[in-house]
Amino acid sequence: MNVAALSVVSAGVAAALHAGKLPPAMPLLREQLGMSLVQVSLMVSLFQVFGMCLGIVGGMFADRFGARRMMTFGLTVLGLSSLAATASSGPAMLLASRLFEGMGFVLAVLPGTVLLRRQVPPAALAQWLGLWGAYMPIGMAITLLAGPWLLSVSGWRGLWIAVGVATLLVAALVRVQAAPDERGARGRADMRSLIVGTLRVPGPWVLALGFGCYAAQWMSVFSFLPSIYQAAGIAPALAGLLTALAVAINLCGNIASGWLVSRRVPPPWLLAGAGVAMALSAWVAFGSGAPFGVQYAAVLALSVLGGIIPGTSFAGAPRTAPDPGAGSTTGGLMRQGSMLGQFIAPPVLAMIASGPQGWSAVWQATALFAAGNVVGGLLMWRLMRRSQLGLGISRA
């Protein structure tokens, strides 16, 4: 068992706990702190602000100062911010703590692919990168399953404390198990050249577009799904269970992407095909008026087929970097696109859902983001044909 690689994946899962703790707590936060639906949706968006504005800078810090050091620091910020949020008596402090959680999240996850490349054999790298791409659904599924029970026992503060303590423990695990930071060229890398060099290469921009459009759909849908189901009269525990299953099955798509990439299935096909599948699934799930069983099957399809996108994107990030020392910086640009999508989408969906058509109209917004995935796939195909990306991404 590769304990070092597992510690890195565990770091991503621990970071994702902080994204997953919010959906089951939304009704309780609205009740106890008097928050509106739009205010609660801002908590989803605020988690993305740091990555949206400074994702590439955070990636550059990881390349410049060390991947393990940056991951450990990010996890520590996440854990302490979650614990500090429990002192909130109103929305203001809770929203402020969410900003710091967002900063810690970005710093924790950006070095993941770089650390995995240090401690995983090349033959197994694509599968590990696919597993790394699943850290978000795994972490969210854990909190969606355990969250309702913790909320019933100790309220939202108990959930925040449990997630914060778990994150600090994982930070210690990464510090002990993950590969030490390399000294030499990476440590002396010029900050400006890391950012400028990455911004001049077209491949990272294409990955940022595709990953951003995927994240906008996935995060907004599954952040609101417990509330959607509760509004339909489903008990909170069952709503959390159904959402957790839909989130967890995303893991299958991530693992499948690693298998497909390792067998040289063209990444543009994967990105564009997954975008089409997500658009159709969202329409069936929210806009078709089909029976609940069919709608829920479409939610599962949206999750598992959409999971192909992050695995493919993470596999491509190091290969599209301008040089081997800029892997985290390239991932930072991709993460910046992801965070931008996640920042924009939740308030948009909340405003649409507040209109006369309710949740049945949200598929129209997700379809626009799905079109972005198709465009991203076409752009990548064009770049590969012009040999600007080559086939390196397929060897990840």
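For the structure itself, look to the data block above.
Model, not experiment: these values are computed from the prediction. (Residues numbered from 1 in each chain as written. Predicted model: local features only at pLDDT ≥ 70, side-chain atom pairs only at ≥ 80, totals over all residues. Heavy atoms only, no water.)

(A) Region of the structure containing the overall build of the protein chain. A tally of regular secondary structure across the protein chain gives 18 helices and 0 strands. Taking 2.2 N^0.38 as the reference for a compact globule, 396 residues should give roughly 21 Å; the C-alpha atoms of the protein chain span a radius of gyration of 20 Å, in line with that estimate. When its C-alpha atoms are laid out on the principal axes, the protein chain stretches across 55 × 45 × 40 Å. Each of the 396 residues in the protein chain was classed as buried or not, and the buried ones make up 61%. Look at the contacts in the protein chain between residues 6 or more apart in sequence, and 85% of them connect residues 24 or more apart. Of the roughly 14600 Å² of accessible surface on the protein chain, a fraction of 70% belongs to carbon and sulfur atoms. (Helix = DSSP H or I, 4+ residues; strand = E, 2+ residues; numbered from the N terminus. Rg over C-alpha atoms; globule rule 2.2 N^0.38 Å. Buried < 20%, exposed > 50% of the residue type's maximum accessible area, 1.4 Å probe, protein only. Contact = heavy atoms within 4.5 Å. Areas by Shrake-Rupley, 256 points an atom, 1.4 Å probe, with all protein chains shown as cover.)

(B) Spotlight on the environment of Ala 19. Along the chain, Ala 19 turns up in helix H1 (residues 3–20). Judged by its relative accessible area of 5%, Ala 19 is buried. When the C-alpha positions of Ala 19 and Phe 105 are compared, they lie 9.0 Å apart, and in sequence the two are 86 residues distant. Ignoring sequence-local partners within four residues, the contact set of Ala 19 consists of Phe 47, Arg 98, Met 136, Met 140 and Met 219.

(C) Inspection of empty space enclosed by the protein at higher detail. By the definition in use, this model includes 3 cavities of 30 Å³ or more. As for the largest cavity, its lining consists of 15 residues, of which Met 136, Phe 211, Tyr 214, Pro 310 and Arg 335 are closest to the centre. Among the secondary structure elements, those contributing two or more residues to the lining of the largest cavity are helix H9 (135–177), helix H11 (202–231), helix H16 (308–320) and helix H17 (327–353). In terms of residue class, the lining of the largest cavity is made up of 10 nonpolar, 4 polar and 1 charged. Within this model, the second largest cavity holds a volume of roughly 80 Å³. Taken together, 11 residues make up the lining of the second largest cavity; nearest its centre are Val 109, Leu 110, Phe 314, Gly 331 and Arg 335. (1 Å grid on protein atoms, 1.4 Å probe; cavity = no way out; pocket = protein on both sides within 12 Å on 5 of 7 lines; lining within 4 Å. Points joined across faces, edges and corners; volume = space filled by probe spheres on them. Nonpolar A, V, L, I, M, F, W, Y, C, P; charged D, E, K, R; others polar.)

(D) Up close: helix H14 (residues 267–287). Relative to the 30 Å expected for 21 residues at 1.5 Å per residue, H14 spans 30 Å between its end C-alpha atoms, a close match to the ideal helical length. Just past H14, the residue Gly 289 takes up positive phi, approximately 75°. (Expected span 1.5 Å × (residues − 1).)

(E) Local environment of the packing of aromatic side chains. Inspection of the entire model under this criterion finds 9 aromatic pairs. Ring geometry for Phe 105 versus Tyr 135: centroids 6.4 Å apart, planes at 55°, classification tilted. A residue pair is termed long-range when its members are at least 10 positions apart, and Phe 105 in helix H6 (residues 91–109) and Tyr 135 in helix H9 qualify at 30 residues. Like Tyr 135, Phe 105 is buried. With centroids separated by 5.5 Å and ring planes inclined at 65°, the aromatic side chains of Tyr 229 and Phe 292 adopt a geometry described as edge-to-face. Of this pair, Tyr 229 sits in helix H11 while Phe 292 is found in helix H15 (residues 292–306), placing the two residues 63 residues apart along the sequence. Residue classification places Phe 292 among the partly exposed residues on the basis of a relative accessible area of 39%. Three or more aromatic residues joined by ring pairs make a cluster, and in this case those are Phe 105, Trp 132 and Tyr 135. (Phe/Tyr/Trp six-rings, centres within 6.5 Å; stacked < 30°, edge-to-face > 60°.)

(F) Spatial organisation of helix H12 (residues 236–248). End to end, H12 covers 18 Å across 13 residues, agreeing with the expected 18 Å (1.5 Å per residue, within 8%). Listing the buried residues of H12 in full gives Ala 239, Gly 240, Leu 242, Thr 243, Ala 244, Ala 246 and Val 247.

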